[in-house]
Structure formats: structure tokens, C-alpha cells
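Geometric and topological summary
Below, each chain spelled out in residue letters.
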Amino acid sequence: MDKINEYLGGRILKKADLKIDELNYLLENGGCLVPATFKKRNKLYCRRCLMEIVKLPIKSQYCRACINLGKIEVNDELIITPTNVKFPSQSNYLTWHGQLTVNQEKGVRELLKAFQNHQDHLVWAVTGAGKTEMIFPLLEQVLIQQKRVAICSPRVDVCIELYPRIQQVFPQTSVGLFHGKSDQKYYLAQISLMTVHQLVRFERAFDVLIIDEVDSYPLAGNNMLYKAIKKAKKDNGIIIYLSATPPQKLLQAVKRKKVTLTKLYQRFHGHPLPEPHCHLLIEKLEFLGINPKLRLRLNRLIRNHERFMLFFPQIPIMKSFAKKLKKLYPELSFVDVSSKDEQRLKKVQLFREQQVQAILTTTILERGVTFKKITVIVLEAQAKEFTKTTLIQIAGRAGRGVDSFDDEVHFYYRFYNRQIKQACQEISYLNRQAVKK
Ligand SMILES: [Zn+2]
């Protein structure tokens, strides 16, 4: 029974995984036992992930969609654990005393109103607008009302970066960080930070669900994860979406008045988004070692000890470029990271602590990370991996500090295409809107 805290809070568990006394406790306290599947229009669906179970030519059928979270067979029974939890009141909630801008304050008011009215809400804020600070007062209200909130992102790096910040400003609150690679086991925390994937394990669990970076991979276009978000909130709960580049689907929901909207065109420091400088490379990136046009820029950065990020569309291009870089600039200290790199978090930390001058990366660091005083360079910007959204997010890594608002962004490409054009146009449009306001 000592593990009971690891079960509570709208978790979907397999009955077979529980001991009898645990099961009895959960059932006596509002848990509910259900079949693992349900039928709709003659099709069979999985109760945990809500995806259709496609029949396989094997004896025991199971759900393939959520197999990563443990196998669910059609004849299994699930228990959905109780969520009627009231968290203790605290003597002090939010300990953050920073100053919000006028725009942020307006956003805060709109968020609190959405919470009060049980209304789903989208915060469309340019990169570096300070959306994290804007959710602090909302979180505080949730805590005061003894309710429960989850802050989710499709990207684990975003969750990891956010975790210490939330802990710091809510020192009396239980804050959990849960994702596939975490050592921390799930428990009933009042604020849970987790990847969107984890939501598949929950049903009617949260009063408020905050979905950060709603447009990013792997959430974008993933039906199972969208369903998981809707399923994980309580019936009268709300979903708050945060994005700098919201997906069309969500903007349509705003049009249909299903979701209310806050727009923030201005960065927290009031300066415009850095607009990318565009450079056409006539020869290949690796022409004469490193393309001479690009080398001029690198020479200057390295000579002046300025920090920079280099974005690549694919890992092999990055690895081969790293070799050239090492050969041509033996004095340059740098790291390279990708989604496949187990040392990624450690390497990013080295760059953050200024122990290395440069970081080479794939799109994995397109968002969710904040560094100050850096030049951002995208190589092979015409590659299909660099969508309009990705380019806008990458450009948004620059100019985030009050004292480095004019960091430079450079796109190097071999063909100018629609993605590059649209990304530059949208950044400049956002800057014009910010001035108008
Ligand atoms: Zn499933």
C-alpha cells in the first residue's frame, strides 16, 4: 500500500498489475473498473489511448497504438484511479516578484478570466514574449483553489528546462517532472510537468492543462496525442495552449469561438524580433573545406570570442561539418547535439554555462531553450526539415536578453524558397504589429 500515491489521480492502470489490497483501496476510494476496449460504430477502440484496435492475424489482440506504455490486450480490465483529491492550502504560494509588462499583464487577466469561465484559451505569443511568467498567476489561482494542473510539452527538453523554474517560484508546492527518460516515478503532485505522451495514461485527471509548444513535433498532426489531451482534463477543466506559431486547426477553433485568444506581438523587453539576414551560397557548404562566404562570418565570430549556434537539417551534415570545423579552427571549443545524442542535456548545459563557444545542432533545439548573447546561423536553410514554423522558432532563439536584444540571425541557403520567404515575412509582420499596438 505504500505505493498508493503513485497510483492516484486519474491514472489508467491495468488491473492485472495491481495487488489485491491496492485494487480494493482504489475501488473503495472512487476508482472505477472498466473494460480495456469499447465499441463504436462496429469498430473496437482502446480505452487508454482512444485509438482503433486494428485486428491482427494472431490469437490475442492488443492495442498497437499505445504499446510503448505497456501492452493492453482486448480482454484486459483497466482501473481508472480516483481524482477527487483536494490539495492542502499553503501559507504562501507564488514567490516570484518580477515585473510583468503591460502586455503580459493583459495576458494574465485574460488567462485568469478563462480559468474562471471554464474556457479553453490560446496564448499566441512571439518567441521571447515571456509566456512562462504569464502563467505564474494562473498557476497560483489553481493552487489557491486546491486544484491540480499539468504543464505539458511535446518536447522533453522544454519540460526539463521549465521544471527548476516552477519549483523555485512555488517552493511549498509538490512539483513533479514525469517523462519517459526521467528517474522520477509518477506520484500525485499538484503541479505536474510532463511530455504530452504521458497524458495517454490519464483520464479526467486535471483541472487545468497547459500545453506549451502545441504546434511542435511530435504533437503536430498526432491524433492519439490530441485525443490524450482532451481525455486527460476533467469534465469542467480547461486547456490552455501556448504557442508562437499556432497550428491552423487551433486558429480555426478560435474563429469558431470554441477557444478564446490572447495575442502578444512584443517580446518582454520591448525590442523587435531579430529579422534574419539572408545569404545565398553559390557553392556547396563544404566548398574549399567550409564555403568561403560562410568562413568570413565564422572567422569574425571566433576571433571576437562571440558565441554562436549553428543549425543543420540532418545529423550526417552536422557531423561532417563538425570535422571540418575542428580541422580549420583547432582553437574553437564547441559541442554538437541531436535527438539521438544521449549526452544532449549535458552538452546544452556546457553551452549555457559558456564553457564552449559554439553549439552545433539539428532542429532539436529549435525551441524551448534560452541563451543570451548568441548569433544564430542556419545552414542549408532551404532543406525540407526547415519549415516556416521551424525557421521562425530558430530565429526566435536570438535576442532574448535585455542586454542582447539585437543578436543576429543568418540564413545560409543554396536556393531561396517559399519557406524562407514566408518565415522572413511573418517575422517582419509580427514586428510591424508590435509597433502598431
Ligand atoms: Zn491503446
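Computed from a predicted model, the values in this text were never measured in an experiment. (Residues numbered from 1 in each chain as written. Predicted model: local features only at pLDDT ≥ 70, side-chain atom pairs only at ≥ 80, totals over all residues. Heavy atoms only, no water.)

1. Looking at helix α9 (residues 344–352)
Listing the buried residues of α9 in full gives R344, K347, V348 and F351. Buried residues of α9, seen end-on, are gathered within an arc of 100° and therefore sit on one face of the element. Those residues of α9 that are buried are in contact with α4 (156–169), β14 (308–311), β15 (334–337) and β16 (358–361). Residue Q354 follows α9 closely and has a positive phi angle near 60°. (Buried < 20%, exposed > 50% of the residue type's maximum accessible area, 1.4 Å probe, protein only. Helix = DSSP H or I, 4+ residues; strand = E, 2+ residues; numbered from the N terminus. Arc of directions from axis to C-beta. Contact = heavy atoms within 4.5 Å.)

2. A few points about the domain arrangement of the protein chain
Parsing the protein chain into structural domains produces domain 1 (4–80), domain 2 (102–264) and domain 3 (277–436). Summed over both partners, the interface of domain 2 with domain 3 comes to about 1,300 Å²; 48% of that surface belongs to carbon and sulfur atoms. On the domain 2 side of the contact with domain 3, R155, D157 and E161 bury the most area, a combined 38% of that side's loss. Taken together, the links from domain 2 to domain 3 amount to four salt bridges. (Domains from an automatic or database assignment. Buried area = accessible area lost by both parts, 1.4 Å probe. Salt bridge = Lys/Arg side-chain N within 4 Å of Asp/Glu carboxyl O.)

3. Notes on the sheet that holds strand β1 (residues 12–14)
Taken together, the three strands give an open sheet; going across it, the order is β1-β5-β2, and neighbouring strands pair in antiparallel fashion. Unpaired on one side and paired on the other, β1 and β2 (32–35) mark the two borders of the sheet. For this sheet, the mean inter-axis angle between neighbouring strands, taken without regard to orientation, is 35°. Looking at chain direction, β1 and strand β5 (residues 77–80) are connected through three bridges and run antiparallel. Its bridge partner being in β5, L13 is matched across the sheet by I79. (Pairing = 2+ DSSP bridges. Axes fitted to C-alpha atoms, helices over the stretch in contact; angles between N-to-C directions.)

4. Description of unusual backbone geometry
One non-glycine residue with positive phi stands out, namely H118, at about 55°. Locating H118 in the fold gives a position in the loop between α2 (102–116) and β6 (121–125). For H118, a relative accessible area of 44% translates into the label partly exposed. Backbone geometry places L288, a non-glycine residue, at a positive phi of 55°. As for its position among the elements, L288 is in the loop between β13 (277–280) and α7 (292–303).

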